[in-house]
Amino acid sequence: MNRLSAYKPQLLLIASSAFWGASFIFTKELFLSEQAITPLIIITCRMLIATLFMVPLLKICGRWQKIKQEHLKYFLLLAFAEPFLYSICETGGVQYVSGSLASIIIATIPLFIPFGMALVYKEKLRFNTIFGVLLSLCGIALMSLNDDFSFSASPKGILLLSCAVVIAVIYTIILVKILDHYHPIMITTYQNLIALVYFLPLMLIVDHSKLPLLSCSWHMWLCLAFLGIFCSTVAYIFFNYGMHRLGATSGSVYNNIIPVFSLLLALALGQEQLSVMKITGMAIVLVGLTVAQINGKKNKKTISDCK
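Basis of the calculations
- Residues numbered from 1 in each chain as written.
- Predicted model: local features only at pLDDT ≥ 70, side-chain atom pairs only at ≥ 80, totals over all residues.
- Heavy atoms only, no water.
- Helix = DSSP H or I, 4+ residues; strand = E, 2+ residues; numbered from the N terminus.
- Rg over C-alpha atoms; globule rule 2.2 N^0.38 Å.
- Buried < 20%, exposed > 50% of the residue type's maximum accessible area, 1.4 Å probe, protein only.
- Contact = heavy atoms within 4.5 Å.
- Areas by Shrake-Rupley, 256 points an atom, 1.4 Å probe, with all protein chains shown as cover.
- Lys, Arg positive; Asp, Glu negative; His and termini not counted.
- Charge placed at Lys NZ, Arg CZ, Asp CG, Glu CD.
- Axes fitted to C-alpha atoms, helices over the stretch in contact; angles between N-to-C directions.
- Parallel < 35°, antiparallel > 145°, perpendicular 65-115°, else oblique.
- Left-handed = near helix turned anticlockwise from the far one by under 90°.
- Nonpolar A, V, L, I, M, F, W, Y, C, P; charged D, E, K, R; others polar.
- Phe/Tyr/Trp six-rings, centres within 6.5 Å; stacked < 30°, edge-to-face > 60°.
- Disulfide = S-S within 2.5 Å.
- pLDDT = per-residue confidence, 0-100.
- Core = buried A, V, L, I, M, F, W, Y, C linked by side-chain atoms within 4.5 Å.

Undergrad: Would you take a moment to explain the overall build of the protein chain for this structure?
TA: Helix and strand counts for the protein chain stand at 14 helices and 0 strands. In sequence order, the protein chain lays out its α and β elements as α-α-α-α-α-α-α-α-α-α-α-α-α-α. In terms of overall dimensions, the protein chain is globule-like: its C-alpha atoms have a radius of gyration of 19 Å, near the 19 Å expected for 307 residues. For the protein chain, the spread of C-alpha atoms along the three principal axes comes to 55 × 55 × 40 Å. By residue count, 54% of the 307 residues in the protein chain fall in the buried class. Counting contacts in the protein chain only where the partners sit at least 6 residues apart, residues at least 24 apart contribute 90% of the total. For the protein chain, the exposed area adds up to about 13,800 Å²; of that, 70% sits on carbon and sulfur atoms. Distance between charge centres in the protein chain, computed from 22 positive and 12 negative side chains, equals 13 Å.

Undergrad: I tried to follow unusual backbone geometry on my own but got confused; where do I start?
TA: What is expected of a backbone is that most residues other than glycine have negative phi and most peptide bonds are trans. For Cys216, which is not glycine, the phi torsion reads 55° and is therefore positive. Looking at the element boundaries, Cys216 is found in the loop between helix H9 (184–206) and helix H10 (218–246).

Undergrad: Can you help me understand the packing of H9 against H10 in this one?
TA: How two helices sit against one another is set out by the angle between their axes and by the gap between those axes. At their nearest, the axes of H9 and H10 sit 8 Å apart, and the two run at 135° to each other. Classed by the angle they form, the pair H9 and H10 counts as oblique. With respect to the hand of their crossing, H9 and H10 are arranged in right-handed fashion. Here H9 contributes Pro184, Ile185, Ile187, Thr188, Gln191 and Asn192 to the contact with H10, which in turn contributes Ser232, Thr233, Tyr236, Ile237, Asn240 and Tyr241. Here the residues of the contact of H9 with H10 sort into 6 nonpolar, 6 polar and no charged.

Undergrad: I keep staring at the side chain of Ser232 and nothing clicks. Help me out?
TA: Structurally, Ser232 is set in helix H10. For Ser232, the residues in contact, after removing those within four places along its chain, are Arg46, Met47, Ala50, Thr188, Asn192 and Leu227.

Undergrad: Can you walk me through the packing of aromatic side chains in this structure?
TA: Where two aromatic rings form a pair, the distance of their centres and the angle of their planes describe that pair. The final tally for this structure, using the stated rule, is 14 aromatic pairs. Where Phe75 meets Tyr182, the ring centres are 5.0 Å apart and the plane angle is 85°; that geometry is what we call edge-to-face. Pair noted here: Phe75 is in helix H4 (residues 72–94) and Tyr182 is in the loop between helix H8 (155–175) and H9, with a separation of 107 residues, a long-range link. In this pair, the class of Phe75 matches that of Tyr182, namely buried. Through pairs of rings, three or more aromatic residues link up here, namely Phe19, Phe26, Phe226, Phe230 and Phe238.

Undergrad: Explain the state of the cysteines to me, please; I cannot follow it from the model alone.
TA: All told, the structure shown has 0 disulfides when counted by the stated rule. Free cysteine: Cys45, not disulfide-bonded; nearest cysteine sulfur from Cys216 at 8.6 Å. Assessed through its relative accessible area of 16%, Cys45 is described here as buried. A disulfide-free cysteine, Cys231 has its sulfur positioned 10 Å from the sulfur of Cys223, the nearest such atom.

Undergrad: Sorry if this is basic, but what is going on with the confidence of the model for the protein chain here?
TA: As a note on interpretation, predicted positions should not be read in detail where pLDDT is low. Chain-level pLDDT for the protein chain is 83 on average; 91% of the residues reach the 70-or-more range. Between the elements of the protein chain, mean pLDDT differs from a low of 36, seen in helix H14 (residues 302–305), to a high of 92, seen in H4. Across residues 296–307 the pLDDT falls below 50, and counting only partners more than four positions away or on other chains, this stretch makes 31 contacts in the model.

Undergrad: For this particular structure, what's the right way to read the packing of helix H2 (residues 8–33) against H10?
TA: Interhelical geometry of H2 versus H10 gives an angle of 155° and a closest axis separation of 8 Å. Here H10 runs roughly antiparallel to H2, going by the angle between their axes. Note on packing geometry: the crossing formed by H2 with H10 is left-handed. Its residues placed into classes, the contact of H2 with H10 shows 24 nonpolar, 7 polar and 3 charged.

Undergrad: Got a minute to help me understand the side chain of Arg46 in this structure?
TA: Its location among the elements puts Arg46 in helix H3 (residues 39–61). In this view, Arg46 contacts Thr27, Glu90, Leu227, Gly228, Cys231 and Ser232; residues no more than four positions away in its chain are not counted.

Undergrad: Help me understand the nonpolar core in this model?
TA: Generally speaking, soluble globular proteins have nonpolar side chains that are buried together. Core analysis: the largest hydrophobic core is formed by 87 residues, its most contacted members being Leu30, Ile106 and Ile187. With 13 residues, the top contributor of residues to this core is H10. Apart from residues no more than four positions distant in its own chain, Leu30 is found in contact with Ile37, Ile42, Met220, Cys223, Leu224 and Leu227.

Set out below in structure tokens:
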């Protein structure tokens, strides 16, 4: 049990990657099954479900905290970056490309976070972290190719997802400012609550005519419930906890295995076919993750040292 507890941050980060990997597939399923649904409707429903789930949970756990006046600006920026801007770009990108390709692009986030942390907080870059991330990116590149090395995707989808990558780096930099002051559950709840305030008026103005056209089937609501509870809530709690324990640079590297989970779920649902290129790419991603985590515990104090 003690041995398992020692790896709790790593296990939680892997779980968050699994949920986020599944989110691309469930989002794509909504676009395929609901012709009238839009990115704003999906995201707003996610935030609403996440908020309705988290408020009772906080009451039960006794984790409610008020935001300190000096931290309010960070929470507003945090929620504006992610989920607001990030979700618009990510969900919009999934609308134009496959779920697994979307997850591959999002998995490039760890490549840029170490440089963002070094630039803003003067965090030291470790060679094995950079090498491991680059190795993982090679694996991700292989996963995006067919066996004949062909590649085709919507430029609009790739652009939106690339913007999501930049926003995620900004989110991580802002997150460092408040991680030591609030419980991860509290941070996640305020993120979703503030983002809901951002999303709801925008969705009602832009997509109000689409709402009567939705089927409101059990299939639709189950997909939205999974996205709201597990992807917009549980995954962020796990991710924030892991980041707090391992540090932003080491913790963020676990995003590299998101495409692996996306691909496996897509295969299970029959959305994609397994290929030699994809198998090789997944193996390289996992090796790169391992390399990047060597001596990762040295980064445990990174967040405190940055302040």
